[in-house]
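Each chain, written out:
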Amino acid sequence: METSQEHEHPQWEVVIGLEIHAQLATKSKIFSGAATAYGASPNTQACAVDLGLPGVLPVLNEEAVRMAVKFGMAIEAEIAPYSVFARKNYFYPDLPKGYQISQFELPIVGNGHMDINVDGSSKRVGITRAHLEEDAGKSLHEDFHGLTGIDLNRAGTPLLEIVSEPDMRSAKEAVAYMRKLHNLVRWIGICDGNMQEGSFRCDANVSVRPRGQQAFGTRAEIKNINSFKFVEKAINHEVDRQIQLIESGGKIVQETRLYDSVKDETRSMRSKEEANDYRYFPDPDLLPVSVSDEFKAHIKALLPELPDTRKLRFNEQYQLDTENADILTASRSLADYFETLVKESSCEAKMCANWMTGDLIAALNKANLEITESPITSQRLAGLLQRINDNTISGKIAKQVFEGMWHSTATADEIITEKGLKQITDTGAIEAVIDQIIADNSKQVEQYRDGNEKVFAFFVGQVMKAMQGKANPGEVNKILKTKLK
Amino acid sequence: MHNKSINQLAKSLRAGEFSSVELTQSFLARIKQHQALNCFITVTENVALENAQRADAKIANGDTGLLTGIPIAQKDIFCTQGIKTTCGSKMLDNFIAPYDATIVTQLNEAGAVMLGKLNMDEFAMGSSNETSFYGAVKNPWQTDSVPGGSSGGSAAAVAARLSVCATGTDTGGSIRQPAAHCGITGLKPTYGRVSRYGMIAYASSLDQGGPMARSAEDAAILLQAMAGFDNKDSTSVDRPVPDYQAGLANSIEGLKIGLPKEFFGEGLSASVGAIIEKAVEEYRKMGAVIKEISMPNLKLAIPAYYVIAPAECSANLSRFDGVRFGYRCETPKDLTDLYTRSRGEGFGKEVKRRILMGTYALSAGYYDAYYIKAQKIRRLISEDFKKALADVDVIMGPVTPSTAFGIGEKIGNPIEMYLSDIYTIAINLAGLPAMSIPAGFAEGKPVGLQVIGNYFTEDRLLNIAHQYQQATDWHQQIPKGFE
């Protein structure tokens, strides 16, 4: 089957809503004191409560509530003064109690929003609700010769399920929303955002309808997608499937589908008829959660400057263009790096931004590193930019110095001294070199004087080569122009 | 020595009349002698003797704890570290908890000696102790009668002097009804007064552990050790625990007693009714003021309870799936087979009946009609009590409509069995504290008087019961053959 990348379907409108599970970065689980650290050997981080032993009881981790409220405030949502945990009943071997503690009728966060930007235009995506719940364990089907292993380390890990309105109209918008949310949860410190470890994953509800039609089409839910790339691919694939099915006279059935990233296709998991009746009811082991105005005020005071606000400030305070401001607020660490760099280097903000969005981010991407893992700290980079600013080195030499700094812990100054890269601004030295080059290349001098301006670059190149690139380019140009007249 | 009160035993132990080891051995011998009652699922002889030795050493060192060295027994619903906890079910016949229930820890710390784990209706679902996987318990007053349930083993063991006192749990009457049938004193505390941590859940919003003893005085001492806030139970209440013995001797002159006419209508046996009236008369003599009251929603308690309790139990018992602990069927052929056969073979009839009722009540399309409606009724019943208790200090009435019925008599008729809790269930729905006090005999079997108080008035209830026990000797009667 052919899948177009851009998805231009003139007759069809795509409708997407996302349910995102963000694992909250608490130290202990949502209803027990067991640790939440990833990667421990199986079942070593599961206590009696996580195992669902007879007689044990859940006790709510207040930190999880704090984080949920923090999120709610960041998306300008309503925070429920009174929310209730409910039991979601189903049998599965990695669900120890036979029910998951979640929130159903009264979630802690309701009715917020997030603005996304796609192809230069801005759009508001509604967030219906966000609720707290516990994660299940993991079933391990390999390595057990026809049996299934159960690892309950993850059981009881706190999750915030963030449910959007069906407001997105393309896979691109869905990815933009997901990225923005991914940035936000890390920005406010409630989730590490690690998608490989499953800390941030997504279910997509996808449907299509003829353009102009009000009513939604029948939707399919694609489960457990754990990368931005796969979200885009899975949605595009699903949209194609639905349109082809309808256009060939078929009917969409409401169902849950699974995205297979290897085959790049979605396949049916279960239909609505086969869906579980979860028999939600309020969990009698837990009291309703009440959030007071004081608590909210306290959390609000702890909230950092949020990405959108900071982006606007970058626009105004540093006169950054939208593209650079976007890139530099893609994470809180990047934004912090940028502001430290400006402050420490006393260089023009634009120059700092260009160095970051150019050389630094390229190098980080190549090495697959986060800004927080950058071998060059903002302080060291500031040292380099200062030397460009005070003409000690040229921009071109600076790239060499940057390279040296990337692979060592030396400062820019140390590398400049050690490799003798200091720019030559002594006009006498430059003049001497230029005189010699003019004398050695009479043919080119003639051509230039005959009006062939292009030859000028040849002279610049010769001078730079002779001076190992260390000559101040401005001076070289000036002197060459005078001498060639 | 097995007829002495806790206070008397504490004195004797310190006076050196006998040691805790001797006392414990004497009870262990009685347990063996009266095995036919089937009170115990597990007798922890070695643990008991170790506990007793430690208690004797503590007493020799000047320890003054009233429960130090006193033999008690635990209902087998409370998890005990390293000792089998079955909850009366085949499902947990092999289950050894890796931890102690909070009340087990508290009683251990108080120095009590644990004789063993007591028989009970399976998962506390039953009113006769006949649903136990370990067989019915016999009522020491008449061994072809039931002891009541679900804490039937606890009640029979205390009545037969196989233990000084015992723990019980009460979801719809499971402390009070067997206490009444066996002629002992039982107290169901206010919901939240005693920690539920480590108590295997039947219906979480109704379950409450409490003391079962031979007198209000003993019950006060036992409750003292069990009550209190537990940060492992979110529904336990952080509120100071009063000294339950301190007020026992207070006068009850002027006490206002309400008698709901709904407790004395059709269904109450004439002989039980007469005894309750006599008991109330006794209170009048002590200076109490009697007032007839009406609580119109009480009649809805049984239907509401049999929606809410099964609904909660249907989820609470989902963890018994044969995967991590408990019974697992032989050679399951796939996951569904593992689930259905483990649960099908591991659970008894009554448990399955309640799981099915609860699953049905919570199902899509039925939830509002059953679960939500039952919750509304629950609020109405609470309101009835609130109104009544604004006007009177306590409410009195029978615990059960009749005396203990015969073993096998009602087990085939669940509805009739459910009706034996008709006077106790509403109290659990409201979360109030209530007691059962021995008040006389009908047809040679004990009858219990129920006293219901306002939230957290356990001290007052114990005082009221104690005063009655100063004026009467019903609680001192010993069943024949168990003297």
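Quick note: structure is the one above.
If you're wondering where the values come from, they're calculated on a predicted model, not measured in any experiment.

Enquirer: Can you help me understand the overall build of chain A in this one?
Expert: When you go through chain A residue by residue, the secondary structure sums to 16 helices and 16 strands. In terms of overall dimensions, chain A is more spread out than a globule: its C-alpha atoms have a radius of gyration of 30 Å, far above the 23 Å expected for 485 residues. Viewed in the frame of its principal axes, chain A has a C-alpha envelope of about 95 × 55 × 55 Å. Scored against the burial criterion, the 485 residues of chain A give a buried share of 52%. When the accessible surface of chain A is split by element, carbon and sulfur atoms take 49% of a total near 23,200 Å². Taking the 56 positively charged and 69 negatively charged side chains of chain A as two groups, their mean positions are separated by 3 Å.

Enquirer: Can you walk me through helix H12 (residues 412–419) of chain A in this structure?
Expert: Residue and element names in this part refer to chain A. Of the residues making up H12, those classed as buried are Ala412, Ile415 and Ile416. Around the axis of H12, the buried residues are gathered within 100° of arc, so they sit on the same side. Pointing more than 90 degrees away from the buried face of H12 are the exposed residues Thr417 and Glu418. Considering only its buried residues, H12 is in contact with helix H10 (378–389) and helix H11 (395–406). Of the residues one or two after H12, glycine 420 is the one with positive phi, at around 60°.

Enquirer: Whenever I open this one, helix H9 (residues 349–367) of chain A confuses me. Can you help?
Expert: One full turn of an α-helix is made of 3.6 residues, so residues set three or four places apart face in the same direction. Residues and elements named next belong to chain A. The end-to-end C-alpha separation of H9 is 25 Å, in line with the 27 Å expected for 19 residues at 1.5 Å each. Of all the bends in H9, the greatest, near 35°, is centred on isoleucine 361. For H9, every residue scored as buried is listed here: Ala349, Met351, Cys352, Ala353, Trp355, Met356, Leu360, Ile361, Ala363 and Leu364. The elements touched by buried residues of H9 are helix H6 (307–318), helix H7 (322–328), helix H8 (332–345), H10 and H11. Just downstream of H9, asparagine 368 is the residue with a positive phi angle, here 60°.

Enquirer: Just to check I follow, could you spell out empty space enclosed by the protein for this structure?
Expert: All names here are of chain A. Applying the stated criterion across every chain yields a total of 3 cavities of 30 Å³ or more. Of the pockets and cavities examined, the largest cavity occupies roughly 130 Å³. What lines the largest cavity is a set of 19 residues, and nearest its centre among them are Val49, Asp50, Lys97, Glu134 and Gly156. Here the residues of the lining of the largest cavity sort into 12 nonpolar, 2 polar and 5 charged. Class assignment for the residues of the lining of the second largest cavity results in 8 nonpolar, 2 polar and 3 charged.

Enquirer: Looking at this model, I keep getting lost on the interface of chain A and chain B. Mind explaining?
Expert: By a widespread convention, an interface's size corresponds to the accessible area lost as its parts come together. Listed per partner, the contact involves 29 residues of chain A and 38 residues of chain B. Taking both sides of the interface into account, the surface hidden between chain A and chain B amounts to around 2,700 Å²; carbon and sulfur atoms contribute 60%. Run the count over chain A and chain B and you get 1 salt bridge. Where chain A touches chain B, the interface holds 15 residue pairs in polar contact (both at pLDDT 80 or more). Looking at the side of chain A that touches chain B, the elements with two or more residues in it are helix H1 (48–51), strand E4 (85–89) and strand E15 (281–282) of chain A. By residue class, the composition of the side of chain A that touches chain B is 20 nonpolar, 4 polar and 5 charged.

Enquirer: Looking at this structure, how should I read the sheet that holds E4(A)?
Expert: Across a sheet, paired strands are connected by hydrogen bonds in the backbone, their directions being either parallel or antiparallel. All names here are of chain A. The sheet built from 3 strands is open, its strands ordered E5-E4-E15 with antiparallel pairing. Two strands in the sheet have a free side with no partner beyond their single neighbour: strand E5 (99–103) and E15. Alignment of E4 against E5, held across 5 bridges, turns out to be antiparallel. Counterpart to asparagine 89 in the pairing with E5 is tyrosine 99.

Enquirer: Sorry if this is basic, but what is going on with the sheet that holds strand E13 (residues 255–260) of chain A here?
Expert: All names here are of chain A. Spatial ordering of the open sheet is given by E2-E6-E7-E10-E1-E11-E12-E13-E14, a layout of 9 strands whose pairing is mixed. Only two strands of the sheet have a single neighbouring strand rather than two, namely strand E2 (78–79) and strand E14 (265–271). Across 4 bridges, the pairing between strand E11 (residues 200–210) and strand E12 (residues 220–225) is antiparallel. The partner of valine 206 across the bridge, within E12, is alanine 220. Along the sheet, helix H4 (residues 228–247) makes contact with strand E1 (12–23), E11, E12, E13 and E14, crossing E11 at roughly 25°.

Enquirer: Just checking my understanding: could you explain the pairing of E11(A) for this structure?
Expert: Regular strands place their side chains on alternate faces of the sheet. Residue and element names in this part refer to chain A. Taken across its 11 residues, E11 has 10 buried, putting it largely inside the fold. As judged from the 11 bridges shared by E1 and E11, these two strands associate in the antiparallel manner. Its bridge partner being in E11, glutamate 13 is matched across the sheet by arginine 209.

Enquirer: I would appreciate a short explanation of the layout of surface pockets in the present structure.
Expert: Any space left empty among the atoms is revealed by the rolling of a water-sized probe across them. All names here are of chain A. As a volume, the second largest pocket reaches approximately 1,800 Å³. If you go around the second largest pocket, you meet 42 residues; those closest to its centre are Arg179, His182, Arg186, Phe228 and Ala330. Elements represented by at least two residues in the lining of the second largest pocket include exactly strand E6 (109–118), helix H3 (171–187), H4, H6, H7, H8 and H9. In terms of residues, the lining of the second largest pocket owes the most to one element, H3, which gives 8 residues. Its residues assigned to classes, the lining of the second largest pocket shows 15 nonpolar, 16 polar and 11 charged.

Enquirer: Sorry, what's going on with a nonpolar patch on the surface here?
Expert: All names here are of chain B. On the surface, Tyr360, Tyr366 and Tyr370 cluster together into a nonpolar patch covering about 290 Å² of accessible area. Along the chain, the position of tyrosine 360 falls in helix H11 (residues 349–362). Residue classification places tyrosine 360 among the partly exposed positions, given a relative accessible area of 41%.

Enquirer: Explain the pattern of salt bridges to me, please; I cannot follow it from the model alone.
Expert: Pairs may arise between side chains of opposite charge once their charged atoms sit close together. Going through the model one piece at a time under the given rule, you end up with 49 salt bridges over all chains. Among the ionic pairs, B:Lys117 bridges to B:Asp76, the shortest N-O distance being 2.9 Å. On the criterion of sequence distance, the pair formed by B:Lys117 in strand E3 (residues 113–118) and B:Asp76 in the loop between strand E2 (71–75) and helix H4 (102–109) is long-range, its members being 41 residues apart. Via salt bridges that share partners, A:Arg87, A:Asp283, A:Asp285, B:Arg196 and B:Asp233 belong to a single interconnected network.

Enquirer: How do you make sense of the packing of aromatic side chains when you look at a structure like this?
Expert: Ring pairs (aromatic) are described by centroid distance and by the angle formed between their planes. Under the definition given, this model contains 31 aromatic pairs over all chains. Consider the rings of B:Tyr306 and B:Tyr418, whose centres lie 3.8 Å apart with planes at 15°: the pair is stacked. With a gap of 112 residues between them, B:Tyr306 in helix H9 (residues 301–316) and B:Tyr418 in helix H13 (residues 414–419) connect regions that are remote in the sequence. B:Tyr418 matches B:Tyr306 in its accessibility class, with the two residues each being buried. Ring pairs connect the aromatic residues B:Phe95, B:Phe123, B:Phe320, B:Phe325 and B:Phe347, which therefore count as one cluster. Directly above the ring of A:Phe456 sits A:Lys481, whose terminal nitrogen or CZ lies 5.2 Å from the centroid. When the ring centre of B:Tyr327 is taken as origin, the NZ or CZ atom of B:Lys90, which lies over that ring, is 4.8 Å away.

Definitions and cut-offs
- Residues numbered from 1 in each chain as written.
- Chains lettered and ligands numbered in written order.
- Predicted model: local features only at pLDDT ≥ 70, side-chain atom pairs only at ≥ 80, totals over all residues.
- Heavy atoms only, no water.
- Helix = DSSP H or I, 4+ residues; strand = E, 2+ residues; numbered from the N terminus.
- Rg over C-alpha atoms; globule rule 2.2 N^0.38 Å.
- Buried < 20%, exposed > 50% of the residue type's maximum accessible area, 1.4 Å probe, protein only.
- Areas by Shrake-Rupley, 256 points an atom, 1.4 Å probe, with all protein chains shown as cover.
- Lys, Arg positive; Asp, Glu negative; His and termini not counted.
- Charge placed at Lys NZ, Arg CZ, Asp CG, Glu CD.
- Arc of directions from axis to C-beta.
- Contact = heavy atoms within 4.5 Å.
- Expected span 1.5 Å × (residues − 1).
- Bend = angle between axes of the 7 residues up to and from the residue.
- 1 Å grid on protein atoms, 1.4 Å probe; cavity = no way out; pocket = protein on both sides within 12 Å on 5 of 7 lines; lining within 4 Å.
- Points joined across faces, edges and corners; volume = space filled by probe spheres on them.
- Nonpolar A, V, L, I, M, F, W, Y, C, P; charged D, E, K, R; others polar.
- Buried area = accessible area lost by both parts, 1.4 Å probe.
- Salt bridge = Lys/Arg side-chain N within 4 Å of Asp/Glu carboxyl O.
- Polar contact = N/O pair within 3.5 Å; in protein donor to acceptor, adjacent residues only side chain to side chain.
- Pairing = 2+ DSSP bridges.
- Axes fitted to C-alpha atoms, helices over the stretch in contact; angles between N-to-C directions.
- Patch = residues over 30% accessible without salt bridge, like charges linked within 9 Å, V, L, I, M, F, W, Y side chains within 5 Å.
- Phe/Tyr/Trp six-rings, centres within 6.5 Å; stacked < 30°, edge-to-face > 60°.
- Lys NZ or Arg CZ within 6 Å of the ring centre and 35° of its normal.

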